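Residue-level structure breakdown
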Amino acid sequence: MDIVKIAMIGLAGVMLALMLRQQKSEYALYISLAAAVLILVFSAGRLAAVMETIQKIEAYIRIDSAMVKILVKMIGITYVAEFATGICRDAGFGALGNQIEMFARLSLMAVSVPVLLALLETVEGLFGA
């Protein structure tokens with residue numbers, strides 16, 4: 001039940017940050033940042049299981065490995081951007097968080113171009129344009 005551990009880390013970080021916010025607001029930010037990084041480290045451990053599952057799916061349906069790499073990149077971009085945006089917003093820098101989100105969206109579009117091209121080639125092959 002790792003989710004219970006992660007939830008407890010998050011809740012403990014929030015409670016400590018709330019208690020410290022009254023006296024030293026910068027310490028509250030550091031506590032919440034430390035809890036977020038700790039949860040990120042635990043989350044990175046789950047990445048191996050996800051990669052194994054993706055490799056099994058790739059073996060079953062014979063997907064081009066380049067497409068799988070693109071999918072993993074897209075998941076990584078999304079996760080890192082969400083993490084960084086959340087920290088920026090918690091620190092009171094919402095505009096910076098918005099810029100990170102914008103860059104992440106553009107990065108996702110750039111990474112997904114080969115998938116779009118492969119789709120268009122498939123459609124062209126089906127209909128014989």
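Look up: the structure comes first, before these words.
An account of the accompanying structure is given in this report.

**Quick word on the overall build of the protein chain**
Along its length, the protein chain carries five helices and zero strands. Scanning the protein chain from its N terminus toward the C terminus, one meets helices and strands in the order α-α-α-α-α. For 129 residues, the compact-globule formula gives about 14 Å, and the C-alpha radius of gyration of the protein chain, at 20 Å, lies well above that figure. With the principal axes as the frame, the protein chain shows a C-alpha extent of 70 × 35 × 15 Å. Surface summary for the protein chain: the accessible area is close to 9800 Å², and the carbon and sulfur share equals 71%. Between the centroid of the 10 positive side chains of the protein chain and the centroid of its 10 negative side chains there is a distance of 7 Å.

**As for the packing of helix 1 (residues 2–21) against helix 2 (residues 25–45)**
Running from N to C, helix 1 and helix 2 cross one another at 170 degrees; their axes reach a closest spacing of 7 Å. With respect to helix 2, the element helix 1 is oriented roughly antiparallel. Each of Ile 6, Ile 9, Gly 10, Gly 13, Leu 16, Ala 17, Leu 20 and Arg 21 in helix 1 lies in contact with helix 2, whose residues at this interface are Ser 25, Tyr 27, Ala 28, Ile 31, Ala 35, Leu 38, Ile 39 and Phe 42. For the contact of helix 1 with helix 2, a count of residues per class yields 12 nonpolar, three polar and one charged.

**Describing helix 5 (residues 94–127)**
With 34 residues, helix 5 should cover 50 Å at 1.5 Å per step; its first-to-last C-alpha distance of 47 Å lies within 8% of that length. A bend of about 40 degrees at Ser 112 is the largest found in helix 5, and the proline Pro 114 appears one to four places after it. Looking only at helix 5, the buried set comprises Gly 97, Glu 101, Ala 104, Ser 107 and Val 111. Directly after helix 5, the chain includes Gly 128, whose backbone phi takes a positive value near 55 degrees.

**As for helix 3 (residues 47–61)**
Over its 15 residues, helix 3 extends 21 Å from the first C-alpha to the last, a length consistent with the 21 Å expected when each residue adds 1.5 Å. Within two residues after helix 3, Arg 62 carries a phi angle of roughly 50 degrees, on the positive side.

**Structural notes on the pattern of salt bridges**
Side-chain pairs of opposite charge can arise where the charged atoms are in close proximity. Taken as a whole and assessed by the stated rule, the structure comprises four salt bridges. Linking Arg 46 and Asp 2 is a salt bridge whose minimum nitrogen-to-oxygen distance equals 2.6 Å. Here Arg 46 is found in the loop between helix 2 and helix 3, whereas its partner Asp 2 is found in helix 1, with 44 residues between them in sequence. A salt bridge links Arg 89 to Glu 101, with the shortest nitrogen-to-oxygen separation between them at 3.2 Å. With a gap of 12 residues between them, Arg 89 in helix 4 (residues 65–90) and Glu 101 in helix 5 connect regions that are remote in the sequence.

**Some details on the environment of Arg 21**
Position of Arg 21 relative to the elements: it lies in helix 1. According to the relative accessible area criterion, Arg 21 is exposed, its value standing at 52%. With 100 residues separating them along the chain, Arg 21 and Glu 121 place their C-alpha atoms 56 Å apart.

**Looking at the environment of Ile 57**
With respect to the element layout, Ile 57 can be found in helix 3. Measuring from C-alpha to C-alpha, the distance between Ile 57 and Val 68 comes to 9.6 Å, with 11 residues separating the pair along the chain. Among all residues touching Ile 57, those that are not within four sequence positions of it are Arg 62 and Ile 63.

Rules behind the numbers
Every chain's residues receive numbers from 1 upward, in the order its sequence appears when written. Local features in this predicted model are restricted to residues whose pLDDT is 70 or higher, and side-chain atom pairs enter the listing and the counts only when it is 80 or higher, whereas totals over whole chains, interfaces and linings include all residues. Hydrogens and waters are ignored; side-chain quantities use all the structure's heavy atoms. Numbered from the N terminus, helices here are DSSP runs of H or I no shorter than four residues, and strands are runs of E no shorter than two. With the radius of gyration taken over C-alpha atoms, the globule rule is written as 2.2 Å times the number of residues to the power 0.38. Only the protein chains shown count as cover for residues, and the accessible areas themselves come from Shrake-Rupley with a 1.4 Å probe. Note that His is not counted, nor are the chain ends; the positive residues are Lys and Arg, and the negative ones are Asp and Glu. Charged groups are reduced to one reference atom each: NZ for lysine, CZ for arginine, CG for aspartic acid, CD for glutamic acid. Each axis is a line fitted through C-alpha atoms, and for a helix only the stretch in contact is used; angles between axes span 0 to 180 degrees, taken between their N-to-C directions. Any angle that is under 35 degrees is reported as roughly parallel, and any over 145 degrees as roughly antiparallel; angles of 65 to 115 degrees are reported as roughly perpendicular and all others as oblique. Residue contacts are defined here by distance: any two heavy atoms, one from each residue, within 4.5 Å place the two residues in contact. Only Asp, Glu, Lys and Arg are considered charged in this grouping, and only Ala, Val, Leu, Ile, Met, Phe, Trp, Tyr, Cys and Pro are considered nonpolar; every other residue, Gly among them, is considered polar. Between the first and last residue of a helix there are one fewer steps than residues, each counted as 1.5 Å, and that sum is the expected span. What the bend at a residue measures is the angle between two axes, fitted to the seven residues ending there and to the seven starting there. A 1.4 Å probe rolled over the protein chains alone gives each residue an accessible area, and that area as a share of the maximum for its type sets the label: buried under 20%, exposed over 50%, partly exposed in between. Each salt bridge in this description consists of a side-chain nitrogen of Lys or Arg and a carboxyl oxygen of Asp or Glu lying within 4 Å of one another.

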